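Summary of the model geometry
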Amino acid sequence: MTTTLTRPIDGEGSVQVQQDPSIHIEEGALVIAVYGKGGIGKSTTSSNLSAAFSKLGKKVLQIGCDPKHDSTFTLTHKMVPTVIDILEEVDFHSEELRPEDFMFQGFNGVMCVESGGPPAGTGCGGYVTGQTVKLLKEHHLLEETDVVIFDVLGDVVCGGFAAPLQHAHYCLIVTANDFDSIFAMNRIVAAIQAKAKNYKVRLGGVVANRSAELDQIDKFNNRTGLKTMAHFRDVDAIRRSRLKKCTIFEMEPTEEVLAVQNEYLSLAKKMSESVEPLEAEPLKDREIFDLLGFD
Amino acid sequence: MELTLWTYEGPPHVGAMRIATSMEGVHYLLHAPQGDTYADLLFTMIERRGKRPPVTYTTFQARDLGGDTAELVKGHIKEAVDRFKPKALLVGESCTAELIQDQPGSLAKGMGLDLPIITLELPAYSKKENWGAAETFYQLVRGLLKNHPHEKGSQNSKAWKDQSRRPRVNLLGPSLLGFRCRDDVLEIQKLLNIHGIDINVIAPLGASPAELMRIPDADANVCLYPEIAESTCLWLQRQFETPFTKTVPIGVGATHDFLKEISEILGIEPPNQSETSKQSRLTWYSQSVDSNYLTGKRVFIFGDGTHAIAAARIANEELGFEVVGLGTYSREMARPVRSAAEKLGIEALISNDYLEVEKAMANAAPELVLGTQMERHSAKRLGIPCAVISTPMHVQDVPARYSPQMGWEGANVIFDSWVHPLMMGLEEHLIGMFRHDFEFIDGHQSHLGHQGGQPTTKHEPQTKYLNPDEAAKEIVSKNNSPIWTEEGEAELAKIPFFVRGKVRRNTEKYARQAGCRQIDSETLYDAKVHFRN
């Protein structure tokens, strides 16, 4: 007699190993993962958002999940060593580590961690993120945190992309008002919907970045059910803050800078007070071309 | 993965048991298979406790795995709470149960029980006993106190002055199956009392959940055993801004430094060094003529972090020994042990493989070993005197009499227990020399058993035990040493044992330099001439 095995439910076509249930972030903290196409400004957005949360009096932890490890650069004003570098130093005996070895205080008390990554083409970015969360947990660093922000790498869809989804409550997607980044956003929405079947992660909304207009984004939002939570025009102050290695909150308070600061503060406020999970339906590739591709 | 016969520490759930058993009114629900109940014996046999630990095992069996183990867990929780009526319940899993992923903590929390429930997540495959104990104590204290009101900036460790009362501190860290914790607590209480400091709460040893709730009333915390209490002290510092002491008062110097540290925190007059140095007999005994022959003795130290670091300081600064090896099995303490070793100009050994430690011991050729029960076995095998300074321990390390390690009396106890095996060791060669004297026929057994008092001629009947020189040779010969001929060995055996190790090392060094593959009596005397010049 033969039996047909049913496929495990873990997203369409995915045969990923289930996350170890013991590695979860303590209830209480709001966990946000920031996604978006490569180079769209995820790190800048994450850091400024962390800074904004800290301005609201929250205890914030930002975890950079990009092997490039410059996510928290503007918060700490330096390139900090990654968790993987430090673990290698002690031959992966994490018991030997102290929080100050891998966690660094940044602007306004924001705690910064760079998980780092495996060498290009080898290893798994998801493993690295998992190890980082485990380490933070073992050192009780997640227990008194109000907000955790994962700054996820943009380029690839792999374990490094998926791991933060297992911890996050909400995803924010950073996009510009152009076809390529909206196309990437559509794929991210699909991935999140797949994960949401098994995990608590939900879509939080869209952060429009470096865009004067919002027409394309709006079109996409209307069709899929997404919502724009914040809008940053192509503001030179943001670019200059990055060059100055600081957050927007440390810039000369010109009118332009104050406007941007307020937008970040309002985003932080919305995320902590009134965010609603969005039920968005991703488009098929053909549909998105039809919708935006031929304008 | 390594398989090993003996380990320095048990799995982390044994650490959790230590905390539960140390306290009053706490019960531990342990999701574990039948075999894991062995851990009870650690408390009844080694610690000689009169009661079973307050632990309920779910003792699932193979056939339960086909059914609903979650129901089994809930049934046991209900029974335990009804029967023992604890004031707080710890819920956790042993290594085997971790794999079933029943999440007993969530199950317990969903049962609507009217008592604090602390879920323990102790990763059995990456962490060990002391970590488990520290994590359990931390989770318990935090679980009970995280909603305790505290106004930021209101803590002031000198506030007692305005409240017309004596300052008060908590003693944190003492637990069952810790090394001499029972007596250390009494000694430190006495010591602080003399200096006008009251004790607020002692935990976990003897404390109830209600007493843990009073922890924030103290002006400062005393972290007696960092392995167990440091994470809790750090949290209390973050949460309630309570400062804590970092010096562990073992030895005369450390006890003085401890008093100075706590005095500074509380804003009282620090004690005078010339006064404090007279409080223990260790200081005078080690300075006295009788102890001259202790100076420069080679000592090998291995244990948990706290006791190893303390022993190194006492050996080096207070007894005038030469520390030739220092190490620990606790990874969490690797850093401070490394820096203590660096100050002594040696490299620390961080390992939980007792055979590796034994090898290091043989290579260091010490005259005294200060270690755990594991090192006592190795030292016995190598024929070196040994005193036990740290867990893991044997029932004999839990004496009925008062014998603390901390404070002034602790220093006295340390002096006696380290120096006696060494003195006995020095007299050992006399037993060998006078073995043929008619007065020595019987009744003068060496304290090292058959291994001590080695016969000076090879015509003595061979004992069935491994001769200590053989053992040393066996271990050392792995590093490509020259081979001793039978005649060379016989000549070496004529040399009193307490210099024999040194002669062996020097001769081998000479043989290597000279390119000799074999060592006979001639090589031995050539080496003697060589090193004399």
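Overview of the structure.

**Description of the packing of aromatic side chains**
Residues and elements named next belong to chain B. Throughout the structure, instances matching the rule amount to 11 aromatic pairs over all chains. Judged by centre distance (5.4 Å) and plane angle (50 degrees), the rings of Tyr-8 and Phe-302 are tilted. Residue Tyr-8 is located in the segment before helix 1 (12-22), and its partner Phe-302 is located in strand 9 (residues 298-303); the two are separated by 294 residues in the primary sequence. Residue classification places Phe-302 among the buried residues on the basis of a relative accessible area of 0%. In this structure, Lys-127 is placed above the aromatic ring of Trp-131, and the distance from its NZ or CZ to the ring centre is 5.5 Å.

**A closer look at the state of the cysteines**
The full count for this structure, using the stated rule, is zero disulfides over all chains. Cys-112 of chain A carries a free sulfur, and the closest cysteine sulfur to it, the one in Cys-65 of chain A, is 13 Å from it. Looking at the unpaired Cys-386 of chain B, the closest cysteine sulfur is the one in Cys-181 of chain B, lying at 20 Å.

**What to know about the pairing of strand 1 (residues 30-36) of chain A**
Residues and elements named next belong to chain A. Across the seven residues of strand 1, seven count as buried, placing the element largely inside the fold. Taking every second residue as pointing to the same face, both faces of strand 1 are buried, with Leu-30, Ile-32, Val-34 and Gly-36 on one and Val-31, Ala-33 and Tyr-35 on the other. Bridge count between strand 1 and strand 5 (residues 147-151): five bridges; the pairing is parallel. Bridging from a neighbouring strand, Ile-32 pairs with Ile-149 of strand 5. As defined by bridge partners, strand 1 adjoins strand 6 (residues 170-175) across five bridges and the pair is classed as parallel. Its bridge partner lying in strand 6, Tyr-35 is registered against Ile-173.

**Quick notes on helix 1 (residues 42-55) of chain A**
All names here are of chain A. Its 14 residues place the ends of helix 1 20 Å apart at the C-alpha level, agreeing with the 20 Å of an ideal helix rising 1.5 Å per residue. Counting buried positions over the 14 residues of helix 1 gives 13, a clear majority of the element. A positive phi of about 85 degrees marks Gly-57, the residue just after helix 1.

**Section: the interface of chain B and chain A**
The partner chain A presents 17 residues to the 20 residues of chain B that form the contact. Approximately 1700 Å² of surface area, both sides summed, lies buried where chain B meets chain A, with 33% of it carried by carbon and sulfur atoms. For chain B, the biggest contributors to the area lost against chain A are Glu-121, Arg-331 and Arg-335 of chain B; these three give 33% of the whole. In this structure, the connection of chain B to chain A is made through nine salt bridges. In this structure, Glu-138 of chain A and Lys-127 of chain B form a salt bridge, with 2.9 Å as the shortest nitrogen-oxygen distance. Joining chain B to chain A, the criterion identifies 14 residue pairs in polar contact (both at pLDDT 80 or more). Elements represented by at least two residues in the side of chain B that touches chain A include exactly helix 6 (129-145), helix 9 (226-240) and helix 14 (334-343) of chain B. Take the side of chain B that touches chain A: its biggest share by element is five residues, from helix 6 of chain B. Classifying every residue of the side of chain B that touches chain A by side-chain character gives four nonpolar, five polar and 11 charged.

Analysis parameters
Residues numbered from 1 in each chain as written. Chains lettered and ligands numbered in written order. Predicted model: local features only at pLDDT ≥ 70, side-chain atom pairs only at ≥ 80, totals over all residues. Heavy atoms only, no water. Phe/Tyr/Trp six-rings, centres within 6.5 Å; stacked < 30°, edge-to-face > 60°. Helix = DSSP H or I, 4+ residues; strand = E, 2+ residues; numbered from the N terminus. Buried < 20%, exposed > 50% of the residue type's maximum accessible area, 1.4 Å probe, protein only. Lys NZ or Arg CZ within 6 Å of the ring centre and 35° of its normal. Disulfide = S-S within 2.5 Å. Pairing = 2+ DSSP bridges. Expected span 1.5 Å × (residues − 1). Contact = heavy atoms within 4.5 Å. Buried area = accessible area lost by both parts, 1.4 Å probe. Salt bridge = Lys/Arg side-chain N within 4 Å of Asp/Glu carboxyl O. Polar contact = N/O pair within 3.5 Å; in protein donor to acceptor, adjacent residues only side chain to side chain. Nonpolar A, V, L, I, M, F, W, Y, C, P; charged D, E, K, R; others polar.

Worth remembering: the numbers are spatial, not functional.
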